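One letter stands for each residue in the lines below.
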Amino acid sequence: MPIATPEVYAEMVDRAKAGKFAYPAINVTSTQTLHAALRGFAEAESDGIVQISTGGAEFLGGQYNKDMVTGAVALAEFAHIVAAKYDVTVALHTDHCPKDKLDGYVRPLLDISAERVAKGLNPLFQSHMWDGSAETLADNLAIGQELLAKAAAAKIILEVEITPTGGEEDGVTHEINDELYTTVDDALRTAEALGLGEKGRYLLAASFGNVHGVYKPGNVVLRPELLKDLQEGVGAKYGKTAGSQPFDFVFHGGSGSTEQEIATALENGVVKMNLDTDTQYAFTRPIVDHMFRNYDGVLKVDGEVGNKKVYDPRSWGKSAEAGMAKRVTEACANLRSTGTKLK
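These figures come from a predicted structure and were not determined experimentally. (Residues numbered from 1 in each chain as written. Predicted model: local features only at pLDDT ≥ 70, side-chain atom pairs only at ≥ 80, totals over all residues. Heavy atoms only, no water.)

### What to know about the packing of helix H2 (residues 31-44) against helix H4 (residues 68-82)
What counts here: Only the contacting stretch of a helix is used when fitting its axis, a line to C-alpha atoms as for every element, and angles between N-to-C directions run 0 to 180 degrees. Runs of H or I in DSSP of at least four residues are treated as helices and runs of E of at least two as strands, each being numbered from the N terminus. To sort the angles, those under 35 degrees are grouped as roughly parallel, those over 145 as roughly antiparallel, those from 65 to 115 as roughly perpendicular, and the leftovers as oblique. Each crossing gets its handedness from the near helix: less than a right angle anticlockwise from the far helix is left-handed, clockwise is right-handed. Contact criterion: two residues are considered in contact whenever any of their non-hydrogen atoms come within 4.5 Å of each other. In this classification, Asp, Glu, Lys and Arg are treated as charged, Ala, Val, Leu, Ile, Met, Phe, Trp, Tyr, Cys and Pro as nonpolar, and every other residue, Gly included, as polar.
It is the contact of H2 with H4, at a shortest axis distance of 11 Å, that shows an interaxial angle of 40°. Considering the angle they form, H2 stands oblique to H4. In the packing of H2 onto H4, the handedness of the crossing is right-handed. Of H4, the residues touching H2 (which contributes Thr31, Leu34, His35 and Leu38) are Leu75, Phe78, Ala79 and Val82. Of the residues assigned to the contact of H2 with H4, the class counts are 6 nonpolar, 2 polar and no charged.

### Some points on the pattern of salt bridges
Cut-off, in case you're wondering: Should a side-chain nitrogen of Lys or Arg be within 4 Å of a carboxyl oxygen of Asp or Glu, the pair is scored as a salt bridge. Only protein chains enter the accessibility calculation, which uses a 1.4 Å probe. A residue is then buried if its area is under 20% of the maximum for its type, exposed if over 50%, and partly exposed in between.
The full count for this structure, using the stated rule, is 18 salt bridges. Ionic pairing is found between Glu267 and Arg336, a salt bridge with its closest N-O pair at 3.1 Å. Taken together, the residues span a long stretch of sequence, with Glu267 in helix H9 (residues 259-267) and Arg336 in the segment after helix H13 (313-334) at a distance of 69 residues. Residue Glu267 is classed as partly exposed on the basis of its relative accessible area of 38%. Using a relative accessible area of 34% as the deciding quantity, one classes Arg336 as partly exposed. The partner of Glu330 in a salt bridge is Lys326, and the shortest N-O contact between them spans 2.9 Å. Linking Glu330 with Lys326, this pair stays in helix H13, spanning 4 residues, or about one helical turn. Taking the relative accessible area as the measure of exposure, Glu330 reaches 32% and is therefore partly exposed. Because the salt bridges share partners, they merge into one network encompassing Asp14, Lys17, Arg201 and Asp248.

### Topic: the confidence of the model for the chain
Note the following rule: The predictor attaches a confidence to each residue, and that confidence, scored 0 to 100, is pLDDT.
Per-residue confidence for the chain averages 92 on the pLDDT scale, and 91% of its residues sit at or above 70. Long-range and interchain partners of residues 172-177, a stretch whose pLDDT sits below 50, account for 15 contacts in this model, where long-range means more than four residues apart.

### Digging into empty space enclosed by the protein
Any space left empty among the atoms is revealed by the rolling of a water-sized probe across them. Stated formally: Definitions used for this entry: grid spacing 1 Å over protein atoms alone; cavity, a set of points where a 1.4 Å probe fits but cannot get out; pocket, an open set with protein on both sides within 12 Å along at least 5 of 7 lines; lining residue, one with an atom within 4 Å of a point. Grid points are joined across faces, edges and corners, and a volume is the space filled by probe spheres set on the points.
In this structure the tally under the stated criterion is 2 cavities of 30 Å³ or more. In this structure, the second largest cavity encloses a volume near 40 Å³. Together, Leu34, Val50, Ile52, Leu75, Ala76, Ala79, Leu92, His93 and Phe125 line the second largest cavity. Counting residues per element, the ones that place at least two in the lining of the second largest cavity are strand E2 (48-52), H4 and strand E3 (90-94). By residue number, the principal contributor to the lining of the second largest cavity is H4, which donates 3 residues. Tallied by class, the residues present in the lining of the second largest cavity amount to 8 nonpolar, 1 polar and no charged.

### Thoughts on unusual backbone geometry
Although it is not a glycine, Glu45 adopts a positive phi angle of roughly 55°. Here Glu45 is to be found in the loop between H2 and E2. Assessed through its relative accessible area of 42%, Glu45 is described here as partly exposed. Residues other than glycine seldom take positive phi values, yet Lys155 does so here, at roughly 60°. Tracing the chain through its elements places Lys155 in the loop between helix H6 (137-153) and strand E5 (157-161).

### Details of the pairing of strand E8 (residues 202-205)
Within a regular strand, the side chains alternate between the two sheet faces. Applicable threshold: Strand pairing follows a simple DSSP-based rule, namely that at least 2 bridges must link the two strands.
Residues Tyr202 and Leu204 line one face of E8 and the alternating positions Leu203 and Ala205 line the opposite face, and both faces are buried. Sheet analysis places E5 next to E8, joined by 4 bridges and oriented parallel. When the sheet's bridge partners are listed, Val160 is paired in E8 with Leu204.

Written out as structure tokens, the structure is:
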């Protein structure tokens, strides 16, 4: 069972939260980066999450018509086949989907999974993300309610982002400012609108200074201790016992985070951490090295014929996969998921 069933995905989340670890959620844009993610999880003996953004899905759909649903479905179907060769359990997730792309991405994918479930099959994806951070919180949560109901009916977990993550991801841009910090009031309004599991399970991407992309230390102030305030504020209102954590949090914009920042986030209920920028670089860097070292072989310089063995995509693709897989194993170690795979 390499692709998690709805029940197993719920168990994965529960285990992470109880064990104070998180799953790396690796963005993929091709079958090869999918293999790199799966390989990294397998080598770390960690279960994990593979995710596809709207831009990644559009790329996967091919440049002829750039259809996001086609790209996402094709990679998910491929994953269901090839993941069987890896001795870990993975969940498939779609990343950041803003309001203007819901009808061309998440809603059709929810419908596909609903049809599968009606036939007695498991959903194609295990979770989908609604990114309403560019909307007012009221509008964000209203759409979240609609999507949560559809997700629950299709046995899917919804991820919601209630306040902005800074930087840029697939055309969604937010400034780096004081709005990058979720308040207890934001969390209370979320719990009131979406419930705490009784309306359907969801993951919460709260903001504690997170920024997408690469940044130098000191340019961004992360406050993962803020997550504890959100847990306690909502827990107090809803009668949770001291120390309970009503939310399953997601850590966005984690590239460049310190070990201490990650550790604090894990202690406060983070069960999923997105990685994209770092794994993109880890995939591309070996390719660059190969091209520089084999310049006159990958190019037909001055009328020569080049060297087929070094411009064959397999010659540099293997090292690219290995480089990205290595970065995934490092992420598993940082997030304490190494060696925690389901038996």
